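Residue-level structural notes
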Amino acid sequence: EIVVNAKSEKGTNITLPLYGSQEVELQDFITFVNQDTVQEEYKVNLEGINLNLSMDITEDAKIQLVFDDVVGDAMKGIGVGHIDMYIDQYYDFYMFGNYEISEGSYLFTLKDLINKKFKVKKGGTINWYGDPYEADIDITAIYGLKTSLYDIMPDNQREAYRQKTDVECEMRLTENLFNPILNFDIKLPRSDENARSILRNSISSEAEMNKQVFSLLLLNKFLPSEYNTTGTSSGGNALGNTTSEMLSNQLSNMLSKFSDDFDIGFNYQPGDEVSSQEMALALSTQLFDDRLTITTNLGVSHQNAGDNSNSLIGDVDVEYKLNEEGNTRVHAFNRSNEYDITQQEATYTQGVGVFYQESFSNLSELMCKLKNLFIRKDKECANCNEACSEFLTEEEKATCKKEKREAMVRCREERKK
């Protein structure tokens, strides 16, 4: 009977390949070496052994779910949770527990047409109830872009919506981890209520939603709706957008493989009578043991209308973790404003701030953690999150975990019924 209680620390990487399986010879997995004669190895027969691996996963661990190893379809992130893994004497494998995502990214691929990096929203969960292939998933990922609302607006309002605005393509993955159900949505975070209402009314079905989402991912623009009776997108423009998007995706994939320390992307969008021509290079990296995060998007935008002026794209986002836990951070940014010939506004918007984040179960736990911020390390309260844990024996802790697992099994059986 082997029982392992583990907690993830810096350098932990956990990868779950979801694209297939292969056999592993467990008997040769563990060997014991005599310290006096290092050359001599003793093979151990593990038949009849029960292995219980109980893991507390912290944000120090990097989790990766690989959906397709060939095209790079994968989800990466950090989070917190507790997972119990069991292998019994018959080599049956079980998983119990839950994992909650704090932050992450999802590289969504569709053949060679779409290759987009989504940002995973905080709070997504993965739950196991025994069978590792029957895990439940509830994750929302967002792909942000800038495009014009011109094509979906009524004829009498189109001119007011020529300028590009922020658009978010939201993808929700639910139910089975290995075969999730996908649902899409489109959000306009910085538009007025009139634009949001027209968007809702123009997307009346799931098929229409999917069509607009894939148009945004592939063409970087909306398809003309029934409100827009004239339409603005010619076949040549659509073909040009598709070709440039595919080339940008392939070039981004090539650049990203040059280094594991830098995430590099390239984007080129040809202009038309509505949108501007853009060329930009995106770069992101983490330095100083992942405490400093730098994200940039540098390039140039050419306005085809009006005075044919050029504007620089100079988006820079910097975040630094002030402590090892990462819950106290400094954040600064410089973002390009959209060009608008009718308005006199600054070229860039800058900002800086400090934020503190804490998780707690009750008010006394929160007060304890806040108190620790203002006292010396050697005098800190060490049991803020589990005030009574110091009074439990190892046997009592094991009993609690066992009862928790049994409850999760019962829950799984009830769900099957």
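Here is what the cut-offs are and how they apply
- Residues numbered from 1 in each chain as written.
- Predicted model: local features only at pLDDT ≥ 70, side-chain atom pairs only at ≥ 80, totals over all residues.
- Heavy atoms only, no water.
- Helix = DSSP H or I, 4+ residues; strand = E, 2+ residues; numbered from the N terminus.
- Buried < 20%, exposed > 50% of the residue type's maximum accessible area, 1.4 Å probe, protein only.
- Contact = heavy atoms within 4.5 Å.
- Areas by Shrake-Rupley, 256 points an atom, 1.4 Å probe, with all protein chains shown as cover.
- Salt bridge = Lys/Arg side-chain N within 4 Å of Asp/Glu carboxyl O.
- Polar contact = N/O pair within 3.5 Å; in protein donor to acceptor, adjacent residues only side chain to side chain.
- Pairing = 2+ DSSP bridges.
- 1 Å grid on protein atoms, 1.4 Å probe; cavity = no way out; pocket = protein on both sides within 12 Å on 5 of 7 lines; lining within 4 Å.
- Points joined across faces, edges and corners; volume = space filled by probe spheres on them.
- Nonpolar A, V, L, I, M, F, W, Y, C, P; charged D, E, K, R; others polar.
- Arc of directions from axis to C-beta.
- pLDDT = per-residue confidence, 0-100.
- Patch = residues over 30% accessible without salt bridge, like charges linked within 9 Å, V, L, I, M, F, W, Y side chains within 5 Å.

Before going further, it helps to spend a moment on the overall build of the chain. When helices and strands are counted, the chain shows five helices and 19 strands. A total of 417 residues make up the chain; the buried ones form 35% of that total. Long-range contacts, defined here as pairs at least 24 residues apart, represent 50% of the contacts in the chain between residues at least 6 apart. Accessible surface computed for the chain: about 25,400 Å², of which carbon and sulfur atoms make up 53%.

This next bit is on the pattern of salt bridges. Within the structure shown, the criterion is met by 12 salt bridges. Glu 159 is the partner of Arg 162 in a salt bridge, and the nearest nitrogen-oxygen pair spans 2.7 Å. In this structure, Glu 170 engages Lys 187 in a salt bridge whose closest nitrogen and oxygen atoms are separated by 3.6 Å. Here Glu 170 is found in strand 12 (residues 164–176), whereas its partner Lys 187 is found in strand 13 (residues 181–187), with 17 residues between them in sequence.

Our focus in this paragraph is the side chain of Arg 329. Topologically, Arg 329 is positioned in strand 18 (residues 328–336). Of the polar contacts made by the side chain of Arg 329, one reaches the side chain of Glu 319; its length is 2.7 Å. If sequence neighbours within four positions are ignored, Arg 329 has contacts with Glu 103, Glu 319, Tyr 320, Lys 321, Leu 322, Gly 353, Val 354 and Phe 355.

Now for the environment of Leu 370. Tracing the chain through its elements places Leu 370 in helix 4 (residues 363–372). The class for Leu 370 is partly exposed, based on a relative accessible area of 29%. When the C-alpha atoms of Leu 370 and Glu 358 are compared, they prove to be 8.9 Å apart, with 12 residues separating the residues in sequence.

Turning to the pairing of strand 9 (residues 114–120), a few remarks are in order. Most of strand 9 is tucked away: five of the seven residues are buried. Across seven bridges, strand 8 (residues 93–110) lies against strand 9 in antiparallel orientation. Residue pairing across strands places Tyr 106 opposite Phe 118, the latter belonging to strand 9. Direction of pairing for strand 9 relative to strand 11 (residues 136–148): antiparallel, over a ladder of two bridges. Pairing of Val 120 across the sheet is with Ala 141, part of strand 11.

Another aspect to go through is empty space enclosed by the protein. Considering all chains together, one arrives at two cavities of 30 Å³ or more under this definition. Lining the second largest cavity, in full, are Ile 63, Gln 64, Leu 65, Met 75, Lys 76, Gly 77, Ile 78, Tyr 99, Ile 101, Gly 104, Val 120 and Ile 126. Counting residues per element, the lining of the second largest cavity draws most heavily on strand 7 (residues 73–87), which supplies four residues. In the lining of the second largest cavity, the residues fall into eight nonpolar, three polar and one charged.

Attention shifts here to helix 4. Residues of helix 4 that are buried include every one of Glu 365, Leu 366, Cys 368, Lys 369 and Asn 372, and no others. The buried side chains of helix 4 occupy one side of the element, clustering within an arc of 160° when seen end-on. More than 90 degrees from the buried face of helix 4, the exposed residues found are Leu 363, Ser 364 and Lys 371.

Glancing now at the confidence of the model for the chain. For the chain, per-residue confidence averages 76 on the pLDDT scale, and 65% of positions sit at 70 or higher. Averaged over each element, pLDDT in the chain is lowest for helix 3 (residues 235–256) (53) and highest for strand 1 (residues 2–7) (93). Here residues 386–392 scores under 50 on pLDDT; set against residues more than four positions off or in separate chains, the count is five contacts.

Attention now goes to a nonpolar patch on the surface. Nonpolar side chains collect at one region of the surface, where Leu 287, Phe 288, Tyr 320, Leu 322 and Val 354 lie side by side and expose about 490 Å² of accessible area between them. Following the sequence through the fold, Leu 287 ends up in strand 15 (residues 277–287). Note on Leu 287: relative accessible area 34%, which makes it partly exposed.

Now for unusual backbone geometry. One non-glycine residue with positive phi stands out, namely Tyr 91, at about 70°. Summarising the element assignment, Tyr 91 is placed in the loop between strand 7 and strand 8. You can call Tyr 91 partly exposed: its relative accessible area is 37%. Unlike most non-glycine residues, Glu 175 shows phi in positive territory, near 70°. Of note, Glu 175 is situated in strand 12.

What follows is about helix 1 (residues 193–202). Considered for burial, the residues of helix 1 that qualify are Ala 195, Ile 198, Leu 199 and Ser 202. Across the axial projection of helix 1, the buried residues extend over an arc of 100°, all falling on one side. Residues of helix 1 that are buried make contact with strand 13 and helix 2 (206–219). The N-cap residue of helix 1 is Asp 192: its side-chain oxygen and the backbone nitrogen of Asn 194 are 3.2 Å apart.

Our focus in this paragraph is the environment of Val 300. Locating Val 300 in the fold gives a position in strand 16 (residues 292–302). With relative accessibility at 37%, the residue Val 300 sits in the partly exposed group. Spatially, the C-alpha atom of Val 300 lies 9.6 Å from that of Leu 281, the residues being 19 residues apart in sequence.

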